[in-house]
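Each chain, letter by letter, is given below.
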Amino acid sequence: MITPAFAQGAGATGGTDILVQVVPFILIFVIMYFLILRPQQRRAKEHQDMVKNVRRGDTVVTTGGIVGRVAKVTEAPEIEVEIAPNVQVKVVRTMIAEVRAKGEPVKAA
């Protein structure tokens with residue numbers, strides 16, 4: 001006598017069942033990589049390059065919406081931004097959302 005559980009599994013091969021079940025997950029991951037992860041990594045790299053290349057005189061917009069002109073750039077993680085005449089604030093470089101206008105080139109010392 002053959003048990004019902006043995007009879008149900010007798011016709012299918014185990015190797016192809018696993019492959020058929022795993023392929024959709026791999027396909028979904030590949031699609032997510034190209035539609036979500038890769039563009040996000042590219043934008044992060046572009047933002048990092050933009051923040052690294054901020055110069056004195058550039059007009060910047062912070063993530064808080066403050067628009068100002070860069071007054072002083074140092075190697076520290078902060079820069080000084082002039083938001084009004086004689087009003088300067090320190091802003092963390094990573095909080096710069098956009099560089100609108102380029103300023104003067106760096107002076108060679």
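See the structure above.
Residues numbered from 1 in each chain as written. Predicted model: local features only at pLDDT ≥ 70, side-chain atom pairs only at ≥ 80, totals over all residues. Heavy atoms only, no water.

Draft legend 1. Inspection of the nonpolar core at higher detail. In this structure, Val51, Val54, Val60, Val70, Ile79, Val81, Val91, Ile96 and Val99 together form the largest nonpolar core, which totals nine residues. Discounting residues that sit within four places of it in the chain, valine 99 has contacts with Met50, Val54, Asp58, Thr59 and Val60. (Core = buried A, V, L, I, M, F, W, Y, C linked by side-chain atoms within 4.5 Å. Buried < 20%, exposed > 50% of the residue type's maximum accessible area, 1.4 Å probe, protein only. Contact = heavy atoms within 4.5 Å.)

Draft legend 2. Summary view of unusual backbone geometry. For asparagine 86, which is not glycine, the phi dihedral falls at a positive 65°. Looking at the secondary structure, you find asparagine 86 in the loop between β3 (78-84) and β4 (87-92). (Helix = DSSP H or I, 4+ residues; strand = E, 2+ residues; numbered from the N terminus.)

Draft legend 3. Just the side chain of threonine 59, in detail. Relative to the helices and strands, threonine 59 is located in strand β1 (residues 59-62). Among all residues touching threonine 59, those that are not within four sequence positions of it are Val67, Gly68, Arg69, Glu98, Val99, Arg100 and Ala101.

Draft legend 4. Representation of the pattern of salt bridges. All chains considered together, the criterion is met by three salt bridges. One salt bridge in this structure joins arginine 42 and glutamate 46, with 3.9 Å as the shortest N-O distance. You can see arginine 42 and its partner glutamate 46 sitting in helix α2 (residues 14-52), four residues apart, about one turn around the helix. Here glutamate 46 falls in the partly exposed class, since its relative accessible area comes to 45%. Here lysine 45 ties to aspartate 49 by a salt bridge, and the two come within 3.8 Å at their closest N and O atoms. Note that lysine 45 and aspartate 49 are positioned in helix α2 at a spacing of four residues, about one turn of the helix. Taking relative accessible area as the criterion, aspartate 49 reaches 31% and is therefore assigned partly exposed. (Salt bridge = Lys/Arg side-chain N within 4 Å of Asp/Glu carboxyl O.)

Draft legend 5. Looking closely at the packing of aromatic side chains. Counted under the stated rule, the structure contains one aromatic pair. The interplanar angle of 80° and the centroid separation of 5.2 Å between the aromatic rings of tyrosine 33 and phenylalanine 34 together place this pair among those described as edge-to-face. Look at tyrosine 33 and you get partly exposed, because its relative accessible area is 31%. The exposure class assigned to phenylalanine 34 is partly exposed, which follows from its relative accessible area of 47%. (Phe/Tyr/Trp six-rings, centres within 6.5 Å; stacked < 30°, edge-to-face > 60°.)

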